[in-house]
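A closer look at the structure
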Amino acid sequence: MLRYAHQQDSNSKEIDKALEAVPGLTIEKLGNFKIDRLVGYRGKNYLFEYKTPEGLKKNGQPKKGDLKDSQIKFIQTWTGQVNIVRDARDALFILGVIK
């Protein structure tokens, strides 16, 4: 079970729960790092940045699913892959668990 210390996207728990149900998958919360999760599955590593889906919050205000400047800079300079994940289906699709 992951702990949550800083502000998280509203979909984090849903995505983590779906990932934790996948046999053989490991997931690590990266704390105050620019990217949310490091995921290991079938011998590969994945960097996941969670963002809220487009649409409206429960109070009717627009959701803030945008990347911060520090995240954009990291993604632009990182020579590996970074995945933007907006829901559990995105995460499972990226990993090849679902099609």
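Points about the overall build of the chain
Across its full length, the chain carries three helices and four strands. The N-to-C order of helical and strand elements in the chain reads α-β-β-β-α-β-α. Within the chain, the proportion of its 99 residues that are buried is 34%.

As for the packing of aromatic side chains
According to the stated counting rule, one finds three aromatic pairs in the structure shown. Ring centres of Tyr 46 and Phe 48 lie 6.2 Å apart, and the angle between their planes is 55°; on these two criteria the pair is classed as tilted. Tyr 46 gets classed as buried once you look at its relative accessible area, which sits at 11%. For the pair Phe 74 and Trp 78, a centre-to-centre distance of 5.2 Å together with 25° between the ring planes defines the contact as stacked.

Focus on the pattern of salt bridges
Tallied over the entire structure, the rule returns two salt bridges. Notably, a salt bridge pairs Arg 37 with Asp 16, separated by 2.8 Å at the nearest N-O pair. Separated by 21 residues along the polypeptide, Arg 37 in strand 2 (residues 37–41) and Asp 16 in helix 1 (residues 12–20) bring together distant segments of the chain. This pair shows no difference in class: Arg 37 is buried, exactly as Asp 16 is. Residue Lys 51 pairs with Glu 49 through a salt bridge whose shortest N-O separation is 3.4 Å. Accessibility assignment for this pair places Lys 51 and Glu 49 in one class, buried.

Here we look at the nonpolar core
Core analysis: the largest hydrophobic core is formed by 14 residues, its most contacted members being Leu 19, Leu 25, Val 39, Phe 48, Tyr 50 and Leu 95. Counting residues per element, the ones that place at least two in this core are helix 1, strand 2, strand 3 (44–50) and helix 3 (88–95).

Details of the pairing of strand 3
Counted residue by residue, strand 3 has five buried out of seven residues, so it is predominantly covered. Where strand 2 lies against strand 3, five bridges are found, and the strand directions are antiparallel. Bridge pairing in strand 3 links Leu 38 to Leu 47. Turn length for the strand 2-strand 3 hairpin, with the two strands adjacent in sequence and antiparallel, is two residues, and the turn residue Arg 42 shows positive phi of about 50°. Note that strand 3 and strand 4 (residues 82–85) share four bridges and pair parallel. Opposite Tyr 50, over in strand 4, you have Val 85 as the bridge partner.

Quick notes on unusual backbone geometry
One non-glycine residue with positive phi stands out, namely Arg 42, at about 50°. Inspection of the secondary structure puts Arg 42 in the loop between strand 2 and strand 3. Taking the relative accessible area as the measure of exposure, Arg 42 reaches 67% and is therefore exposed.

About the cut-offs
Residues numbered from 1 in each chain as written. Predicted model: local features only at pLDDT ≥ 70, side-chain atom pairs only at ≥ 80, totals over all residues. Heavy atoms only, no water. Helix = DSSP H or I, 4+ residues; strand = E, 2+ residues; numbered from the N terminus. Buried < 20%, exposed > 50% of the residue type's maximum accessible area, 1.4 Å probe, protein only. Phe/Tyr/Trp six-rings, centres within 6.5 Å; stacked < 30°, edge-to-face > 60°. Salt bridge = Lys/Arg side-chain N within 4 Å of Asp/Glu carboxyl O. Core = buried A, V, L, I, M, F, W, Y, C linked by side-chain atoms within 4.5 Å. Pairing = 2+ DSSP bridges.

Just geometry here; none of it tells us what the structure is for.
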